[in-house]
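Okay, here's what each chain looks like letter by letter:
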Amino acid sequence: MRRRTAPPPSPLPQRDGVDPVRVRLPGDGPWATVREHLAERFGPERAEAVDALFAAGRIVGADGRAVAADTAYAPGMFVWFHRDLPAEEPVPFPLEVVYRDEHVVVADKPHFLATTPRGSHVTETALARLRRELGLPSLGAAHRLDRLTAGLVLFTVRPEERGAYQTLFRDRLVRKVYEAVAPYDPGLALPVTVRSRIVKERGTLTAREVPGEPNAVSRVELAEQRPDGLARYRLVPRTGQTHQLRVHMSALGVPILGDPLYPEVTAPGPAGDFRRPLQLLARELEFTDPVTGAEHRLRSRRTLAAWSSYDDRGGGRARDQ
């Protein structure tokens, strides 16, 4: 199998911890110019934005020089540009580093902060924040947590080592433990191992369980219960399907507090509303470092608000924030 040639280094620096967009022109196609390809690639609704980038000289080639809109199409050519970033509501919670060495950074992510730039969340992401705050422009994510889930995320310092750490997650060599707050059901026999087949289709908000060979396995244990009808659960995923723990808890009849998608999709709150975080926390990460051989067992310092804010004296229901 022919090995793919590595792309040249970016001629543009990061901006606010965010890499420029890199586009490689396909090997063949009907386009006469670079502009024609980019306009088709990004769709008619962005054609004016593409033209504005060309007019401002913001689309550059590997030599860092501006590429003109009428530049002849060249198969395999690379171009770079910084897109105009959306206005983002700052996530007003700290992003703490729980471990750092010359190879990895493990951060304790707050609720509402995306792990990596995607869609409307770009500069307000854990990756962009850490790049800026730690002065590590080459930092990359070895895996991701949902934006609404808090807890431990592993980042790699050296790009050439990133694959080794990603392989740990792919091969299920990382032990992950989560905590969740959800209703208590005395009729639910725990602990239980849930096995199902979960699919998530592109463009849909939710994942769903379907018939077929299981691809998602989660162990659910009861850690503690309270008189207010809530319980704290210990969740150990054996696989890593999208929204897996949220889907499994909902299927058991004890959906996680603050979940806007399961069991039913609710209307999104206004921008800047951080009052009801999903009560799910990536509490522990345990792995053997593939580069150094060191054994790591790391623990989040965060607490779930619906559990920690409970007033035992008043016997009232826990608050979500």
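Keep in mind that this is a model prediction, so the values were computed, not measured. (Residues numbered from 1 in each chain as written. Predicted model: local features only at pLDDT ≥ 70, side-chain atom pairs only at ≥ 80, totals over all residues. Heavy atoms only, no water.)

**Structural notes on helix α2 (residues 47–55)**
Argument step 1. Residues A47, V50, L53 and F54 constitute the buried set of α2. Projected down its long axis, α2 shows its buried positions confined to an angular sector of 120 degrees, all on one face. Exposed and facing more than 90 degrees away from the buried side of α2 are E48 and A55.
Argument step 2. Where the residues of α2 are buried, they touch α1 (34–42) and β2 (78–81).
Argument step 3. Remark: G57 follows α2 within two positions and exhibits a positive phi of approximately 70 degrees. (Buried < 20%, exposed > 50% of the residue type's maximum accessible area, 1.4 Å probe, protein only. Helix = DSSP H or I, 4+ residues; strand = E, 2+ residues; numbered from the N terminus. Arc of directions from axis to C-beta. Contact = heavy atoms within 4.5 Å.)

**Looking at empty space enclosed by the protein**
Summary: where empty space remains is shown by rolling a probe the size of a single water molecule over the atoms.
Argument step 1. Under the criterion given, the structure shown has 1 cavity of 30 Å³ or more.
Argument step 2. Here the largest cavity defines a volume of roughly 40 Å³.
Argument step 3. Elements supplying a minimum of two residues to the lining of the largest cavity: β7 (175–183) and β12 (280–288).
Argument step 4. Per element, the largest residue contribution to the lining of the largest cavity is 4 residues, and it comes from β12.
Argument step 5. Of the residues in the lining of the largest cavity, the class split is 6 nonpolar, 1 polar and 3 charged. (1 Å grid on protein atoms, 1.4 Å probe; cavity = no way out; pocket = protein on both sides within 12 Å on 5 of 7 lines; lining within 4 Å. Points joined across faces, edges and corners; volume = space filled by probe spheres on them. Nonpolar A, V, L, I, M, F, W, Y, C, P; charged D, E, K, R; others polar.)

**Quick notes on the pattern of salt bridges**
Argument step 1. Going through the model one piece at a time under the given rule, you end up with 23 salt bridges.
Argument step 2. For E161, the salt bridge goes to R158, with nearest N and O atoms at 3.4 Å.
Argument step 3. Between D228 and R226 there is a salt bridge, with its nearest N and O atoms 2.8 Å apart.
Argument step 4. For R226, a relative accessible area of 9% translates into the label buried.
Argument step 5. Each of R175, E284, E286, R297 and R299 takes part in salt bridges that share partners, so that together they form one network. (Salt bridge = Lys/Arg side-chain N within 4 Å of Asp/Glu carboxyl O.)

**A short note on the packing of α1 against α2**
Argument step 1. Where α1 meets α2, the axes come as close as 9 Å, and the angle between the chain directions of the two elements is 145 degrees. Here the hand of the crossing between α1 and α2 comes out right-handed. Of the residues in α2, those touching α1 at V34, R35, L38, A39 and F42 are A47, V50, D51 and F54.
Argument step 2. Of the residues assigned to the contact of α1 with α2, the class counts are 7 nonpolar, no polar and 2 charged. (Axes fitted to C-alpha atoms, helices over the stretch in contact; angles between N-to-C directions. Left-handed = near helix turned anticlockwise from the far one by under 90°.)

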